[in-house]
Amino acid sequence: MTTSPGTATNLITELVIANRILAREDVVDAYGHVSVRNPEAPERFFLAHSKSPALIEAADIVEHTLDGQALKKEARPLYLERFIHAAIYEARPDVIAVVHAHAEDVLPFTITKAALKPVIHSGAFIGAEVPVWDIAERFGDRTNLLVTNMDQGRDLAKTLGDRNVALMRGHGFAAAARSLIDVVRMSVYLPRNARVQQKAMQLGELKPLSRGEIDARAAGPGYKPHSPETQRAWQYWAGRAGCGELLKD
Ligand code: MN
């Protein structure tokens with residue numbers, strides 16, 4: 001009944017569940033994607049071919065290399081923005097899972113000077129600083145805003161640095177974490193945190209979490225992938241996403 005995100009045997013199933021959860025929680029829609037590094041070959045990662053996350057099954061998962069190409073000959077089209085994942089894995093050996101999404105609630109923070117901050121306890125994961133990457137700074141004002149090659153992916157990864165989340169101007173966000181469940185949880189709470197922050201800013205001065213509070217949340221036992229608290233959330237979200245039966249695999 002319990003799952004072990006990150007183990008090789010059920011990793012593809014976990015990735016399918018992650019896709020369904022992100023779709024059900026409105027983090028992704030027709031667009032957006034989630035990937036996980038191959039624990040047995042860290043220079044490769046698993047990501048679906050170009051298909052909406054709500055519809056993804058195990059057979060849709062394609063192994064990619066760190067240059068953003070399919071490991072084996074692949075007839076199905078790949079995601080245009082797979083380079084986001086490739087470049088973050090390349091730059092960050094500590095990162096095991098990546099999400100890219102366009103969740104609407106974060107977008108105001110990508111096009112104004114208002115900095116997104118962790119303001120609720122469940123938003124602590126995003127870290128004290130959330131940088132905004134502007135594709136135009138390096139690639140000019142004639143791009144379509146999408147990350148469609150390694151140069152652009154690497155530039156985004158550079159802005160991300162050693163942080164957990166980077167916003168992308170007029171586009172969305174990229175989130176990186178040390179496990180699949182961590183990146184899903186962060187991606188679920190990121191738009192909620194943004195929504196609360198935006199409402200709070202209409203009421204008055206903001207009081208974000210302190211660095212000490214952020215660190216204390218991250219160090220807490222409830223944040224470990226195998227903790228009862230984490231498994232509780234994974235089971236709840238999987239059930240809501242209609243794929244609770246996959247937890248038994
Ligand atoms: Mn995108």
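Anyway, here's the lowdown on the structure attached to this text.

Turning to the overall build of the protein chain, a few remarks are in order. Each helix and strand counted, the protein chain has 7 helices and 7 strands in total. Of the regular secondary structure in the protein chain, the N- to C-terminal order runs α-β-β-β-α-β-β-α-α-β-β-α-α-α. Since a compact globule built from 249 residues should have a radius of gyration of about 18 Å, the 17 Å found for the protein chain is in line with a globular shape. For the protein chain, the C-alpha atoms occupy an extent of roughly 50 × 45 × 30 Å along the three principal directions. In the protein chain, buried positions account for 51% of the 249 residues. Relative to all contacts within the protein chain whose residues are 6 or more apart in sequence, the contacts with residues 24 or more apart total 65%. Surface accessibility of the protein chain: about 11700 Å² in total, with carbon and sulfur atoms responsible for 52%. The averaged location of the 30 negative side-chain charges in the protein chain is 2 Å from the averaged location of its 30 positive side-chain charges.

Spatially, 7 strands are ordered S3-S2-S1-S4-S7-S6-S5 in an open sheet, and the strand pairing comes out mixed. In this open sheet, the two strands that pair with only one neighbour each are strand S3 (61-65) and strand S5 (132-133). Note: S5 against strand S6 (residues 165-168), 2 bridges, orientation parallel. Paired with Val132 across the bridge in S6 is Leu167.

A few words on the packing of aromatic side chains. In the structure shown here, the tally under the stated rule is 2 aromatic pairs. Between Phe45 and Tyr89, the aromatic rings sit 5.0 Å apart at their centres with planes inclined by 40°, giving tilted as the arrangement. Here Phe45, found in strand S2 (residues 44-48), pairs with Tyr89, found in helix H2 (residues 82-91); they are 44 residues apart in sequence, far enough to count as distant. With respect to burial, Phe45 and Tyr89 carry one shared label: buried.

Looking now at the coordination of the manganese ion. Reference values for angles at a metal are 109.5 degrees in the four-donor tetrahedral case and 90 or 180 degrees in the six-donor octahedral case. Listed as protein donors to the manganese ion are Glu81 (OE), His100 (NE2), His102 (NE2) and His171 (NE2); their distances from the metal cover 2.0 to 2.1 Å. One chain supplies every donor for the manganese ion, spaced along it as E-x18-H-x1-H-x68-H. Of this pair, His100 sits in strand S4 (residues 97-101) while His171 sits in the loop between S6 and strand S7 (172-177), and the two are 71 residues apart along the sequence. For His100, a relative accessible area of 0% corresponds to the buried category. Residue class for His171 comes out buried when judged on its relative accessible area of 7%.

Looking now at the pairing of S4. Where burial is concerned, most of S4 is hidden: 5 out of the 5 residues are buried. What you see with S4 is no split at all: Ala97, Val99 and Ala101 on one side and Val98 and His100 on the other are buried throughout. Across 4 bridges, strand S1 (residues 33-37) lies against S4 in antiparallel orientation. Among the inter-strand pairings, Ser35 is bridged to a residue of S4, identified as Val98. Where S4 and S7 come together, 5 bridges link them in antiparallel fashion. Bridge pairing in S7 places His100 opposite Ala174.

Thresholds applied
- Residues numbered from 1 in each chain as written.
- Predicted model: local features only at pLDDT ≥ 70, side-chain atom pairs only at ≥ 80, totals over all residues.
- Heavy atoms only, no water.
- Helix = DSSP H or I, 4+ residues; strand = E, 2+ residues; numbered from the N terminus.
- Rg over C-alpha atoms; globule rule 2.2 N^0.38 Å.
- Buried < 20%, exposed > 50% of the residue type's maximum accessible area, 1.4 Å probe, protein only.
- Contact = heavy atoms within 4.5 Å.
- Areas by Shrake-Rupley, 256 points an atom, 1.4 Å probe, with all protein chains shown as cover.
- Lys, Arg positive; Asp, Glu negative; His and termini not counted.
- Charge placed at Lys NZ, Arg CZ, Asp CG, Glu CD.
- Pairing = 2+ DSSP bridges.
- Phe/Tyr/Trp six-rings, centres within 6.5 Å; stacked < 30°, edge-to-face > 60°.
- Donors = N, O, S within 2.8 Å, 3.2 Å for Na, K, Ca; no water.

That is the geometry; function is a separate question.
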